[in-house]
Protein chains: 2
Amino acid sequence: MAGKWVYRFSEGSEAMRNLLGGKGAGLAEMTRAGLPVPPGFTITTEACHLYVKEGTLPQEVRQQIDTALADLEREEGRLLGAPEHPLLVSVRSGAPISMPGMMDTVLNLGLNDRSVVGLAQETGDWRFAYDCYRRFLQMYASIVMGVNESLFEEVLAQKRAAAGVKTDAELTAEQLADLIEEYKRIVSEETGSEVPQDPYQQLYGAIEAVFRSWNNPRAKAYRAANEIPESLGTAVNVMRMVYGNMGEDSGTGVCFTRDPNTGEKVLYGEFLPNAQGEDVVAGIRTPLPMEEMERRFPEAYQQLCEVAERLERHYRDVQDLEFTVEHNRLYMLQTRSAKRTAFAAVKIALDMVNEGLIDRDTALLRVSPDQIDQLLHRTLDPNAEKKELAKGLPASPGAGSGEVVFDADRAEALAQQGRQVVLVRPETTPDDVHGVIAAQAVLTSRGGMTSHAAVVARGMGKPCVCGAEEIQIDLAERRFTARGVTIAEGDIITIDGTQGCVYLGRVPTVEPTLSHELETFLSWADQRRHLGIHANADTPQDAARARQLGAEGIGLVRTEHMFMAKDRLPAMQEMILANAPAERAEALAKILPMQEEDFYGIFKAMEGLTVTIRLLDPPLHEFLPRREVLVAQIAALEKSGASAEEIRHHRALLAQVDALHENNPMLGFRGSRLGLVYPEITQMQARAIFQAADRLWQEGGRVKLEIMYPLIGYETEFHEMNRIVSQTAEQIFAQTGRRIPYHVGTMIEVPRAAIIADKLAKECDFFSFGTNDLTQMTLGLSRDDAQGRFLGIYLKRELIPADPFISIDQEGVGALVRFAVQQARQVRPEIELGVCGEHGGEKKSIAFFRRVGLDYVSCSPYRVPGARLAAAQAEIQLEQEKGTQEVPPESVMQPA
Amino acid sequence: MAGKWVYRFSEGSEAMRNLLGGKGAGLAEMTRAGLPVPPGFTITTEACHLYVKEGTLPQEVRQQIDTALADLEREEGRLLGAPEHPLLVSVRSGAPISMPGMMDTVLNLGLNDRSVVGLAQETGDWRFAYDCYRRFLQMYASIVMGVNESLFEEVLAQKRAAAGVKTDAELTAEQLADLIEEYKRIVSEETGSEVPQDPYQQLYGAIEAVFRSWNNPRAKAYRAANEIPESLGTAVNVMRMVYGNMGEDSGTGVCFTRDPNTGEKVLYGEFLPNAQGEDVVAGIRTPLPMEEMERRFPEAYQQLCEVAERLERHYRDVQDLEFTVEHNRLYMLQTRSAKRTAFAAVKIALDMVNEGLIDRDTALLRVSPDQIDQLLHRTLDPNAEKKELAKGLPASPGAGSGEVVFDADRAEALAQQGRQVVLVRPETTPDDVHGVIAAQAVLTSRGGMTSHAAVVARGMGKPCVCGAEEIQIDLAERRFTARGVTIAEGDIITIDGTQGCVYLGRVPTVEPTLSHELETFLSWADQRRHLGIHANADTPQDAARARQLGAEGIGLVRTEHMFMAKDRLPAMQEMILANAPAERAEALAKILPMQEEDFYGIFKAMEGLTVTIRLLDPPLHEFLPRREVLVAQIAALEKSGASAEEIRHHRALLAQVDALHENNPMLGFRGSRLGLVYPEITQMQARAIFQAADRLWQEGGRVKLEIMYPLIGYETEFHEMNRIVSQTAEQIFAQTGRRIPYHVGTMIEVPRAAIIADKLAKECDFFSFGTNDLTQMTLGLSRDDAQGRFLGIYLKRELIPADPFISIDQEGVGALVRFAVQQARQVRPEIELGVCGEHGGEKKSIAFFRRVGLDYVSCSPYRVPGARLAAAQAEIQLEQEKGTQEVPPESVMQPA
C-alpha cells in the first residue's frame, strides 16, 4: 500500500473531484484561485474505502494526516487545541456527488477544558467560547460516540426554561458552563466514557466517524433515491474554524450566483448575523435577505459579489456558496454546482448559452429530462374556488394535494398503500427524507428557502411551502391550526409551491403549457437528436395534446380503451355474449361507427404524421363486470323482483365471466389470439380504420397509417392477421376506388417474437417493442403482483438494480431487444423499429434504445418533452464516448 | 416440363419409395426379385402433384401412360377392355407412407357391355363375369363419379331379398345382369351421365380420381392424426387383374411373415377361397386360418412360405402381404412393412438381431418410445366388450376402473375402506392431490395434457383422461352426463388413459410387466445412448419405482408435494399465517422432521446415484383452501355456532388468501422469490436435506446431492439463496463434524435466466431447464388457460406445428435452451446440464436435447424406459445424419 491519501487545499483541483469529493475539490479550486478560503486539507475517498474495508485507518494515512496537520499548525502559528491560542478545526464530509445534510460534520474541534479558556481569553468572549464548546460536545458525542442528540436538546430546553429565555443566544456564559457539565454527565451516563480531552484523539475520532457516516441508513437511502453509486465513498475536509458568531460584525450565509427558483441573474441567498453555519441550515432563526447583508456588511458583500462572478465564470455553472464573515472579513467555505428548479434550469441553460458561457450541448446536458417532466406538472386552476389556510415561502414549485400526515414513517406507510399524502412538519431533517420521497408535497412552519425541506423538495421536484409561520403544529395531537381552522391528520390540503400557499381540501388543477423558453430549449434538443419521439394516445384529444408537446407521431393507439367508455361497453358486452359469428358481427356493427369516428378524429389530429394503431389487445373479460359485482347484482335483482329478462342477462354475463376466467390472463387469450379466433373483430377494426382513413383522404388529408398486431409469437399468426386485414382493406379499396397506403407490423412483446425476429421481419414493415409485457414475460414477473410486494424488498436489498418496469432491464430484456434489432435489420435494413412501452419516456431506457439502434420511442404525451431532451442527451453522450458522429448499434447476445 | 412420370414395375425399386409410393416400390422390388407379381406400371407422386396443381393430367404424362399401357397390352397379348380376351386392370393408390383404407381403388377396369361377354366366354362363367362388371360399375360410379355408394347397396339388398338369398354369391347370372341395368339407371339418375364404355376413358377417370382422393377429407384427417406430410402425394398403380374368385381352385388372402400381436415367427394370416380381396376386408365371410390354406392349396402355400421368407430377408423386417391364387397359381399383390403391437415390436427386434437379420441399431430404431410407454401400463383387455361414454385427451397412460366420486375427500375415505374409485372433477387443483393418490384413475372435463391433473397423474403413474369436454359434470347433484347416459356417484366407469377413452362399467384389464425381452432391449439402448435418463420423483416409493425402470438419478424432487398431504397441510398453513419470522420458524420446525424423513427415504432409495432437490416452488396460496370454499365454511361455521376460535382461524385464512391473491400467479411470488423473502423456509429445507443426508452418511450410504433453486432470473438471487443454504450447511457440518459434499444449481425456467446463462454458470455446478415454465413465459402462453381453449384451434388451423407443452418448441424455446447451453459451456465446460420439464420424456424433445448438448433428461418414472430408447435413437440418428461418432452441439441464436 502506497499512495497519497491527504491533499492540502492548495494541492487539489476540480479534476480530482472523485478523489477529494465535491467540497474538497471546490475548496481546492477556490484556494488556487486566490479566493479567501480558510486553510486546511482533504483526506481522500480512497482513504474512506480503506477505512470501510479494514475498519481502521492505516498507519500510512495517519502519518499523512499528521504531516498535513503539522503543516497547518505551522502556517497558522497555532497548535490544535492548545491551552493558549488554540487551533480549532471543522471536520466535514464531502462526497464526489453532493448529498446535502446526509452526512456528518463536527465543528469547533480542538476545544477541551483548557483550550476553551484559551479561546475565551483570545476572543475576550467567555459566552462565545462556552457556546462553541457546548456545540462541540454535542456534535462529537452524537456523531462520534452515538449518543442520542435529543438528550442534549432536552437539557438545553430545560436550561432556557429555567433561565426564562427563548433562544440559546440569550443564555449567559455561566449558564453555558453549567450546561457543559450536564452534557458531560449525559455522555458519561450514556457511554460510560467521555469526549476525549486530547485534541488529536478528537480529530481521529471525527475523521473516522465521517467515514463511517457514508454507510449510515439515511445516507444509503438518499443514494438509493438519487441513484448515487455506493462505490464513490466520501472524503473528509479538515479546515481551520472561522466564526460567524463572533459578534455583530460577523455572520454567516449561503447564496446562489443566480436565483435557483427563477433562474434570474441575481445574487440570491440568506444571511444570519452573529451565527454559525448550522443555524442557517437548521432553520431555527429566520435569516435575512441578501440586501440586508449589503446594507450591514457593504465591503464583505461587495467581495462576495466578485467571488460569485469569478466562480460562475470559472465553473461555467450556477454556484451554491457557503460563506462566513468573521470580524468583517469574508471566508468562503464551500462552492458547488447549485441545485435549481426545473424552471430555473431551463432559463439558466438558455441564458448561459446567450452569455457565451456554455455551448448548446452543455446546455442540453444541464437540464435533466425529469426536470422537463416537472415543468409539465399540473398547476392550480386559477378559476377554482379555494380557501387559503396559510402563506409561506414558495420553496419548490408545483401543486400537490393529499391527506395531512405529521411524520415521515406514516407518510411512507400510507403512500405504499397508494394513498396521496402531504407531509407537514415544523421543519425537516435528513431523517425525514423517506417521508418527502413518499409525499405529494411538503409543508413546514419553520425554515427558509434554503432550509433542508426546501433543498430536498426542490431536488425531487416536489411542491413545497416552507416557513409558513401561521400554522401551529401540535405533533402530540396530530393536528395543526391556521387562521382558526383545525386540520387533523387525514384531512386533505393542497400545497401551491409556486405561490407559497396552503389551501383547504383538494383544489382542481389545470394542464400546464410549454413556456417560450422551454420551446426554444427543446427545439435545440430536436436539432440534436436522431431518435424520433412518438406518443401513446387513444383519443383525438390525447393525440392533439401529444402533438402540441412535440410528438412526431402516435406510436400506439390502444383501440380497446375506446370500448371502455360507459356508452360503448354494452355493445362490446353484446359482442362477447354472442354465440355465433353472425350474432357477433351484429354487435360489432354497432361498434364499427364509434370506432371509425375515433380513428378519424385521431387521424385528423395527426395529419401528416404517423399513426400506429394496435388491434384489440386485452382479454375479453376486461370488458365484463367483476365476478363479485355480478353475483351481488344478481342477488339484488332477484330480491327487488326485477324482470326475468334482466336477471337472465346478468346470469349470461356471469356465465361468460366464468367461461373466460383465466389463471394467468397476462399469458392468456388476448391480442392476436383473439383476433384470429374471432376474425370478425379484426375485420371490424380494419374496416373502421380504412373507412376513417378514406374520409380523411376524401378531404385531402393524409396520415402515415400503420396497423400493428399485438402478442404475436409465431409468424403464422402474423400471416393470418395480415390476411384478414388486407382482405378487408381490398374490399374497401374496391368499394371506394381509392387505395390508402398503409404499413403493417407487429408488437414484439412475447419473448418468442424477439427470438424469431428475422422471420417476422421478412413481412413486417415495422416492429414496435412492447417492453412492458416483454419485461413481464422475460423476467417471469407480473408487474401488478410484484410492485408494492416483493419487488420493493428486492430493490431495498439490492437484488435488482432498479425497478425493471421503470427503467428497462438492459441485461435481460434489453438483450432480447438488441438481438431482435440485429436480426431484423439483417433481413430488412429499412424496417422501422420503435418502442411503445412506458420505458419509452425514461431517460436511461431512451439512451439504451438509441444505442441499440431503434428509430423512435413512444411514450405518454406528457413525457414527450422530457423524452425529446433525453434523446438529445443520449446522442451527445454517445458522441462524447465514442468520439464519432455516427455510432453503430452494439453487437449483442452473441456467444463471445 | 420434362421427366419420367410412369415406371413399369420392372423399372422401379425400394429406393424410389417417395416417387412410386410404398405399394409401387414393393411391387417393383418383388418384380425385380422374380416373384410372381401381375404385370403393371406405376404413375408417380410427382404426377399427383402436377395433377393437384393444374387440375388436369398434363399431356406428357398421358403419353407416358399410353405407352406403358400399350407395352402391357403387347406383353399380355390382350387389349384393354377388348370384346374378346379383354385385358382388365386394377387402379390403386399408394402413398410413400402407408395410409390403409384411406384412399381409393377401382378393380376390374376395362369391363363394358361388350368385354363382359368376352370375359364370360373366356372363363366360361357368366355369373363371374357379371359379378365383376357389377362390382366395377359400383366402384367406378362411387369413386370416380361421386355417386353415393349406399344406393347400390340398397338395390343389391333388395335383389337378395327378392331372390330369397342371404349372400351376393348366391345371386344368379341373370339376377346380376338385372342388377347391372339397375346400377346403370342409378348412375344415370344421379349424374345425368353414364359410366364410360370406353376402357381408356375409364382408365383416365380412375387415375384422376385416385389422385383427387389424396385430398379427400378422411385422407387429410388421417395424415393430420399420423403426422404424415401433406407434401408427399400418392402414386397410382395400374396392374393386370388376377382373380381369386375363379372357383374353388382360386382364393385370396393377407398374411404377416410373423405374428404381429406376439412377434412369434410363424406365417400368420387369413385366406378366403373363391373370393376377391375386398371380400376379406369387408368381413362378410369368415376367412380361414393359414393351416387351412396349407391343406387346400399345398403348392401355393409352400410357394407363399418361400416368398415370405425371401421378402423378410430382403426387407429385413416383418412384411404384411396380400396375395391371390388364380387357378392354383400364386400372385403377390402387395408387400409392406407390418404394423405390430408394442409387445411384438420388441420381440421381433430382438429375434431379428439374434437371427442376424438386422444389427442392434436397426433394432433400436424399429420400436417407438411410445410403444415402450404402452408396455408399462395396465391396458384394457382388447377382447373385452365395452361401451364408450366419452373421449378426451390421453393424459396419463394405463387403465383403471372404480366407483365415480366427485371430490378428493370422498375418494380418500372410500379408498381407505378398500374401495376402488375414479376421481371425476371439472379440473384438479393441488387441493385434490390426496384424491388423486387415493383414486385408481382420474377424469377431468377441462384441462390439457399438461394440466395439473395430467402432470400429477403421470407422476404417479395413474391413468388419466383430461379435457373430456363431452361430459357435463353437475357437482351439486353429484353426477355427470355423457352421450345421453347419466352416471351418478358410485357408478362404475373405466378410464383408458392410453387411448383417452371413458367406458361404462368395469372393463377387464391386463397387467404390464418389464419383460425379460424388454429388459434386454433397453439394455442395448443404454449401451448406445450418451444422454442420461433421470426421473422426477417426490417420494421414496416413486424414487424406487423410477430406479427399477432404469432411472440413473432423480432429476427433480418437488419438495412442495410433500406438504400437500393432509397431515402436513396444517403445519404449512400455520407457517403461512405466521406474522413474524419467529412464529414462522416455529411452524417450520414442525415441518422439518417430516421433510427430513422424506429426503432420507429418497436418498436411501437412490443410494449411489444423483438426487436433485428443488427448493419450494409454488406460490403460497396453493397451500390454502380456495376462496369460495373458505367463504362457505365460514358461513357454515357461523350458522352452526362454532367456537369463536375456529371462526377466527378461518377468517385469518381468508384474509391471507386475499392478501396472497395474484392476477398472474405464474409470474408471481414463488420459487426463490419466496425463499429469499422468507429465508426461514429456505433454512428449514436446507436443514432437512443435510440432516437427512447425514443420517445416510452415518449408515455408510452415499448419494450425489444436488440442491436446485427455482425461478432464478438474476444472479443476485442465486447468490443470496446459495448464501442461506451454505450457511445452514456449514452450521450442520460444524455440529456433526462431517461435511456432506453437494452441488448447487438453478432451474432455467425464466427467459432471463437463459439470457444470462454465462453469468449464472460462473457459480452453478449444474443447470436444469424447467421447460414447462420456460415455454409458458417464452411463448406468453399459460398452459392451463390455453390447452382445451384456443390452443386447440391453433393446432387445428396449423398456426402452430405441435402442442408446445408436449413437444418442445425448438424454434423459440429451443433457441433459448441452445443459447444458454453454449453460454454456460463457454464459462464452465464441465457444468452439468439437464432438463426436468415433462418434455424430458418426449421423443422429439429428447432428440433435440441431445442435439443441443444436454447431459441428461428427467421425466416421470413411467416414461423412463421410453426415454432410454428415445435417447438411443437420437444418438443413432445423429450419427446417421452426420456420419461421425462425436457430434458437437449446433451453433445458434447467433446473428449470422
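Fair warning: this is a prediction, and the values are worked out from it, not measured in the lab.

Parameters and conventions
- Residues numbered from 1 in each chain as written.
- Chains lettered and ligands numbered in written order.
- Predicted model: local features only at pLDDT ≥ 70, side-chain atom pairs only at ≥ 80, totals over all residues.
- Heavy atoms only, no water.
- Contact = heavy atoms within 4.5 Å.
- Buried area = accessible area lost by both parts, 1.4 Å probe.
- Salt bridge = Lys/Arg side-chain N within 4 Å of Asp/Glu carboxyl O.
- Polar contact = N/O pair within 3.5 Å; in protein donor to acceptor, adjacent residues only side chain to side chain.
- Helix = DSSP H or I, 4+ residues; strand = E, 2+ residues; numbered from the N terminus.
- Pairing = 2+ DSSP bridges.
- Axes fitted to C-alpha atoms, helices over the stretch in contact; angles between N-to-C directions.
- Buried < 20%, exposed > 50% of the residue type's maximum accessible area, 1.4 Å probe, protein only.
- pLDDT = per-residue confidence, 0-100.
- Phe/Tyr/Trp six-rings, centres within 6.5 Å; stacked < 30°, edge-to-face > 60°.
- Lys NZ or Arg CZ within 6 Å of the ring centre and 35° of its normal.
- Parallel < 35°, antiparallel > 145°, perpendicular 65-115°, else oblique.
- Left-handed = near helix turned anticlockwise from the far one by under 90°.
- Nonpolar A, V, L, I, M, F, W, Y, C, P; charged D, E, K, R; others polar.
- Disulfide = S-S within 2.5 Å.

Caption draft 1: Focus on the interface of chain B and chain A. Counting residues at the interface gives 58 residues for chain B and 59 residues for chain A. For the pair chain B and chain A, the summed buried area comes to about 5,000 Å², and 55% of that belongs to carbon and sulfur atoms. Arg 752 of chain A is the salt-bridge partner of Asp 809 of chain B, the closest N and O atoms lying 2.6 Å from each other. In this assembly, chain B and chain A are joined by 30 residue pairs in polar contact (both at pLDDT 80 or more). Elements with a contribution of two residues or more to the side of chain B that touches chain A: helix H24 (644-660), helix H25 (672-677), helix H27 (715-736), helix H28 (751-755), helix H30 (771-779), helix H31 (783-786), helix H32 (790-796) and helix H33 (813-827) of chain B. By residue number, the principal contributor to the side of chain B that touches chain A is H33 of chain B, which donates six residues.

Caption draft 2: View of the sheet that holds strand E21 (residues 479-482) of chain B. Residue and element names in this part refer to chain B. If you trace the three strands from one edge of the open sheet to the other, you get E20-E21-E22, paired in antiparallel fashion. In this open sheet, the two strands that pair with only one neighbour each are strand E20 (472-474) and strand E22 (485-488). The average angle at which neighbouring strand axes cross in this sheet is 20°, direction not considered. As paired elements, E20 and E21 share three bridges and run antiparallel to each other. Opposite Gln 472, over in E21, you have Thr 481 as the bridge partner.

Caption draft 3: Representation of the pairing of strand E23 (residues 492-496) of chain B in the model. Residues and elements named next belong to chain B. Taking burial as the measure, the five residues of E23 include four buried ones, the bulk of the element. Examined bridge by bridge, strand E16 (residues 399-405) and E23 share five bridges and lie antiparallel to one another. By the bridge assignment for E23, Glu 403 is matched with Ile 492. Pairing analysis gives four bridges linking E23 to strand E24 (residues 501-504), with the strands arranged antiparallel. The residue of E24 that forms the bridge with Asp 496 is Cys 501. What sits between E23 and E24 in their antiparallel hairpin is a turn of four residues, with Gly 500 showing a positive phi close to 80°.

Caption draft 4: Representation of the confidence of the model for chain A in the model. Residues and elements named next belong to chain A. For chain A, the average pLDDT comes to 90, and 97% of its residues sit at 70 or higher. Note that residues 885-896 has pLDDT below 50 and, in this model, 33 contacts with residues that lie over four places away or in other chains. With pTM at 0.81, the complex prediction returns an ipTM value of 0.80.

Caption draft 5: Summary view of the packing of aromatic side chains. Inspection of the entire model under this criterion finds 40 aromatic pairs over all chains. Pairing Phe 271 of chain A with Phe 323 of chain A gives two aromatic rings, centres 6.1 Å apart and planes at 10°, and the pair type is stacked. You can see Phe 271 of chain A sitting in strand E9 (residues 268-273) and its partner Phe 323 of chain A sitting in strand E11 (residues 319-326), a full 52 residues away along the chain. Judged by centre distance (4.9 Å) and plane angle (90°), the ring pair of Phe 128 of chain B and Tyr 243 of chain B falls under edge-to-face. In this pair, Phe 128 of chain B sits in helix H5 (residues 126-143) while Tyr 243 of chain B sits in the loop between strand E7 (235-240) and strand E8 (251-256), placing the two residues 115 residues apart along the sequence. With a relative accessible area of 3%, Phe 128 of chain B lands in the buried category. Ring pairing ties together the aromatic residues Phe 669 and Tyr 678 of chain A together with Phe 790 and Tyr 794 of chain B, which thus form one cluster. Lying over the aromatic face of Tyr 204 of chain A, Arg 62 of chain A brings its terminal NZ or CZ to 4.4 Å of the ring centre.

Caption draft 6: Geometry of the sheet that holds strand E1 (residues 6-8) of chain B. All names here are of chain B. With antiparallel pairing, the five strands of this open sheet are ordered in space as E1-E2-E7-E5-E6. Across the chains shown, the open sheet's two edge strands, defined by having one partner strand only, are E1 and strand E6 (105-109). Within the sheet, the average angular offset between the axes of one strand and its neighbour, ignoring direction, is 20°. With four bridges joining them, strand E2 (residues 40-43) and E7 adopt antiparallel strand pairing. Note that in E7 the partner of Thr 42 across the bridge is Asn 237. Where helix H1 (residues 17-32) meets the sheet, it contacts E1, E2, strand E5 (89-94) and E7, and its direction lies at approximately 25° from that of E7. Contacting E2, E5, E6 and E7, helix H8 (residues 199-213) crosses the sheet at an angle of about 15° to E5.

Caption draft 7: Just the packing of helix H23 (residues 627-639) of chain B against H24 of chain B, in detail. Residues and elements named next belong to chain B. Running from N to C, H23 and H24 point in directions that differ by 160°, and their axes come no closer than 10 Å. It follows from the interaxial angle that H23 and H24 lie roughly antiparallel. In terms of crossing hand, the pair formed by H23 and H24 is left-handed. Of the residues in H24, those touching H23 at Arg 627, Leu 630, Val 631, Gln 633, Ile 634, Leu 637 and Glu 638 are Glu 646, Ile 647, His 650, Arg 651, Leu 653, Leu 654, Val 657 and Asp 658. Looking at the contact of H23 with H24 residue by residue, the classes come out as eight nonpolar, two polar and five charged.

Caption draft 8: Main features of the state of the cysteines. Counted under the stated rule, the structure contains zero disulfides over all chains. Cys 859 of chain A forms no disulfide, and the closest cysteine sulfur to it belongs to Cys 836 of chain A, at a distance of 11 Å.

Caption draft 9: Up close: the environment of Ala 157 of chain B. If you trace the backbone, Ala 157 of chain B turns up in helix H6 (residues 149-163). Separated by eleven residues in sequence, Ala 157 of chain B and Asp 168 of chain B place their C-alpha atoms 8.7 Å apart.

Caption draft 10: Expanded view of the pattern of salt bridges. For the structure shown, the criterion picks out 140 salt bridges over all chains. A single salt-bridge network, built from bridges that share partners, covers Lys 159, Asp 178, Glu 182, Arg 185 and Glu 189 of chain A.

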